[in-house]
Amino acid sequence: MRQVATLEYLERLAHDAGWIELCRIDRWVEACWDDRPEVIVSQAREWAGRGNLFTTLQHIDHDALVGYLAEQRQVDPRKRLRTPDHVVKRYCRLFFDFDPVRPTGTGSTADELAEAEIRAKGLRDRLLALDWPLPAMAMSGNGWHLQYRTALPNTDETREQLAAIYAGLHREFSDDVVEFDRSVRNPARLCALYGSTKRKGPNTADRPHRRSVIWLPSDWRQVHPRQVAGLAEFFARQSSQTRSDSDRSAQEVRGGARVSGRGNYASLDVVRWFAAHDAYVGHLEGHKHGVRCPWSDEHTSPSPRNGSDTIVFEADGGWPGFHCKHAHCDGRTIRDVMALWRDADAFCSETFHPRRAA
Ligand SMILES: [Zn+2]
């Protein structure tokens, strides 16, 4: 992954999307459109002192946009216009947004931001295990983003697929620490302009205004439409089943995920692994972390909120450890979790080579 400047990011975006809306949201909304990255950068510089800067991400039908703007300006020349969903011709990005839960209208603390990063990397790894390519990753100022390249027509079918995926990921990844934003899937949705400063609430030492940053993979490949359709189908099936049925089918899909190579479990990143299964609760002390027990549905007594009843130990020379204090889990070890989830290879840093989409 390589950090890139705003201009290079916009060059990649314009290559796929063509016309881009640059939008400043302050006390009012201002927008302009262009397909030349350097023009957008220079407008962004002019606007950089106040408010927050965003762009659209998807491929706009330029004629439809021009027609829409002309029509609206005839009705009311002073109306502040934005890109409407219906002029987007196709999706060229899948945009996933993790936002720390925090007081309304404030920026994130460093700890909250770190939690969002864990979730975003967990999703990246979860999708790598399903043979998805690497996404771009971004720190948005207050949260973390993933951007996958793709090419999907803006049709009812695509929008239904995206609704199923965002709802499924929301179920899997949102908790009371970090929210997976299921609302960012409409075609004209705005995304932070990376490299600009995100200003939310007062700029304090604890909750500072931050400049957003994006990293691109060296080979930023497209997710194939059939991979998107496959994930949508999985989540659609899951949501139509009872809860216990859906847990079983989730395990089947994980077990069926083709992960190449065999992980060296001494290099298993147990924190990322549990986070990817939405089962990470928080750091306790030293190498100890609180987690949600994979068998918590079978416990007879409820878990404390800090997760101290079920813990994992980071690998320290040997394999990482797992221990659940509930009687029902007596004798269960990290091997039982591996047998249940069957994707531990994907979270080992050694001997695991992620496969790419065909
Ligand atoms: Zn347990």
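Note that the structure is predicted; figures quoted are calculated from it, not measured.

Rules used in this analysis
- Residues numbered from 1 in each chain as written.
- Predicted model: local features only at pLDDT ≥ 70, side-chain atom pairs only at ≥ 80, totals over all residues.
- Helix = DSSP H or I, 4+ residues; strand = E, 2+ residues; numbered from the N terminus.
- Rg over C-alpha atoms; globule rule 2.2 N^0.38 Å.
- Buried ≥ 20, exposed ≤ 12 C-beta atoms within 10 Å, placed from the backbone.
- Contact = placed C-beta atoms within 7 Å.
- Pairing = 2+ DSSP bridges.
- Axes fitted to C-alpha atoms, helices over the stretch in contact; angles between N-to-C directions.
- Expected span 1.5 Å × (residues − 1).
- Left-handed = near helix turned anticlockwise from the far one by under 90°.
- Nonpolar A, V, L, I, M, F, W, Y, C, P; charged D, E, K, R; others polar.

### Observations regarding the overall build of the chain
Here comes step 1: In terms of helices and strands, the chain carries nine helices and 17 strands.
Here comes step 2: The C-alpha radius of gyration of the chain comes to 22 Å, within 12% of the 21 Å expected for a compact globule of 358 residues.
Here comes step 3: Across its three principal axes, the chain shows a C-alpha extent of roughly 70 × 45 × 35 Å.
Here comes step 4: Here the chain holds 358 residues, and the buried ones make up 38% of them.
Here comes step 5: Intrachain contacts of the chain at a sequence separation of at least 6 include 70% that bridge at least 24 residues.

### What about the sheet that holds strand β10 (residues 190-192)?
Here comes step 1: Pairing in this open sheet of four strands is antiparallel, and the strands run β3-β2-β4-β10 from one edge to the other. The strands lining the two open edges of the sheet, one partner per strand, are β3 (29-34) and β10. Within this sheet the neighbouring strands show an average axis-to-axis angle of 30 degrees, counted without direction.
Here comes step 2: Looking at chain direction, strand β2 (residues 20-25) and strand β4 (residues 52-56) are connected through four bridges and run antiparallel. Bridge pairing links I25 to N52 in β4.
Here comes step 3: Most of the contacts of helix α2 (residues 37-47) go to β2, to which it runs at about 5 degrees, and overall it touches β2, β3 and β4.

### Things to note about the sheet that holds strand β15 (residues 288-291)
Here comes step 1: Ordered in space as β14-β15-β16-β17, the four strands form an open sheet in which the pairing is antiparallel. With one partner strand each, in any of the chains shown, β14 (280-285) and β17 (321-324) form the two edges of the open sheet. Taking the axes of each pair of neighbouring strands and ignoring which way they run, one obtains an average angle of 25 degrees across the sheet.
Here comes step 2: With four bridges connecting them, β14 and β15 associate as antiparallel partners. Bridged to E285 within β15 is K288.

### Quick notes on helix α5 (residues 156-173)
Here comes step 1: Here α5 contains 18 residues, and its C-alpha end-to-end distance of 25 Å stays within 8% of the 26 Å for a straight helix at 1.5 Å per residue.
Here comes step 2: Among the residues of α5, T158, Q161, L162, A164, I165, Y166, G168, L169 and F173 are the ones counted as buried.
Here comes step 3: In this fold, the buried residues of α5 make contact with β6 (88-100), α4 (110-128), β8 (144-153), β9 (178-180) and α6 (225-240).

### A short note on the environment of G168
Here comes step 1: Topologically, G168 is positioned in helix α5.
Here comes step 2: Overall, G168 belongs to the buried group, with 22 C-beta atoms counted inside 10 Å.
Here comes step 3: Taking the C-alpha atoms as reference points, G168 and A232, 64 residues apart in sequence, are found 8.3 Å from one another.
Here comes step 4: What G168 contacts, discounting residues up to four positions off in sequence, is F235, Q238 and S239.

### Overview of the packing of α5 against α6
Here comes step 1: Remark: α5 packs on α6, axes separated minimally by 8 Å, with the N-to-C direction vectors making an angle of 60 degrees. Handedness of the α5/α6 crossing: left-handed. Taken together, the residues of α6 that come into contact with α5 (itself represented by Q161, A164, I165, A167 and G168) are V228, A229, L231, A232, F235, A236, Q238 and S239.
Here comes step 2: Taken together, the residues that form the contact of α5 with α6 break down as nine nonpolar, four polar and no charged.

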